[in-house]
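The chain contents come next:
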Amino acid sequence: MERTAGVVLSLLDGRWLESEAAAVASLQRLGFTVMPDDGTVPPSGSRQRELMPAPGIDHASLSILDSAPTNITFFIASSPERENAATRSAYENLLASLAITLDSPQRFWADETTPVFWHHSDLEVGAQLFERRDSTVMVWVEHRARSKAAEERALANRDPGNR
């Protein structure tokens, strides 16, 4: 989990937030490959770029709103078994590694131990352990204001029949 914590902490410098090109360059330095896309932007202005993950990461994506990066999400330590001990251990080790730099995480909900988050400047770092159906750990680094704007725009552009 040291590698994953290193990826997360390296994203806190914010250079990846300057532009989509800066995000691609930062992610490539971290060992990710940004997959090509057709550049089509939906009415919401928000789109996802698939990432071929760096070693130790199972799946990753970059979210963009109007060519401005909003968040990077990735999954680690996946297992098809529910409540997998190795996955839980990876989650706990990741939290411990991040807490060295970011301090103790906060809980989204007082009565739930997962997900947790840290605020660092304009960024939110978060982690969530899923283990009811299978086991996996989701990690994200997001620009809070941009992510909120993307969510609001997506809601405004929903099909009225789905509201």
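Everything quoted here is computed from the prediction, not taken from an experiment.

Caption draft 1: Quick look at the pattern of salt bridges. Enumeration over the complete set of coordinates arrives at nine salt bridges. Asp 37 is the partner of Arg 49 in a salt bridge, and the nearest nitrogen-oxygen pair spans 3.6 Å. Of the two residues, Arg 49 is situated in strand S2 (residues 46-52) and Asp 37 in the loop between strand S1 (33-34) and S2; the sequence distance between them amounts to twelve residues. Asp 37 sits in the partly exposed class, given a relative accessible area of 34%. The partner of Lys 148 in a salt bridge is Glu 152, and the shortest N-O contact between them spans 3.9 Å. One end of the pair, Lys 148, and the other, Glu 152, are both in helix H4 (residues 144-156), four residues apart, so they sit about a helical turn from each other. Members of the salt-bridge network, linked through shared partners, are Glu 20, Asp 37, Arg 47 and Arg 49.

Caption draft 2: Seen up close, the sheet that holds strand S7 (residues 123-130). The antiparallel open sheet is built from eight strands, whose spatial order is S1-S2-S3-S4-S8-S7-S6-S5. Sheet topology places S1 and strand S5 (106-107) at the edges, where each strand pairs with a single neighbour. Bridge count between S7 and strand S8 (residues 135-143): eight bridges; the pairing is antiparallel. Looking at S8, one finds that Val 125 is bridged to Val 141. Helix-sheet contacts for helix H3 (residues 85-102) involve strand S4 (68-79), strand S6 (116-120), S7 and S8, and the interaxial angle to S7 is about 160 degrees. Strands in contact with H4 are S2, strand S3 (59-65), S4, S6, S7 and S8; relative to S8, the strand with the most contacts, it is inclined by about 100 degrees.

Caption draft 3: Main features of H3. Helix length check: H3 (18 residues) gives 25 Å between terminal C-alpha atoms against 26 Å at 1.5 Å per residue, within 8%. Taken together, the buried positions of H3 are Thr 87, Ala 90, Tyr 91, Leu 94, Leu 95, Ser 97, Leu 98 and Leu 102. Mapping the buried residues of H3 onto a view down its axis gives an arc of 165 degrees, with all of them on the same face. Facing away from the buried side of H3 by over 90 degrees, the exposed positions are Ala 85, Ala 86 and Ile 100. Along its buried surface, H3 packs onto helix H1 (2-11), S4, S6, S7 and S8.

Thresholds, definitions, all that
- Residues numbered from 1 in each chain as written.
- Predicted model: local features only at pLDDT ≥ 70, side-chain atom pairs only at ≥ 80, totals over all residues.
- Heavy atoms only, no water.
- Salt bridge = Lys/Arg side-chain N within 4 Å of Asp/Glu carboxyl O.
- Helix = DSSP H or I, 4+ residues; strand = E, 2+ residues; numbered from the N terminus.
- Buried < 20%, exposed > 50% of the residue type's maximum accessible area, 1.4 Å probe, protein only.
- Pairing = 2+ DSSP bridges.
- Contact = heavy atoms within 4.5 Å.
- Axes fitted to C-alpha atoms, helices over the stretch in contact; angles between N-to-C directions.
- Expected span 1.5 Å × (residues − 1).
- Arc of directions from axis to C-beta.

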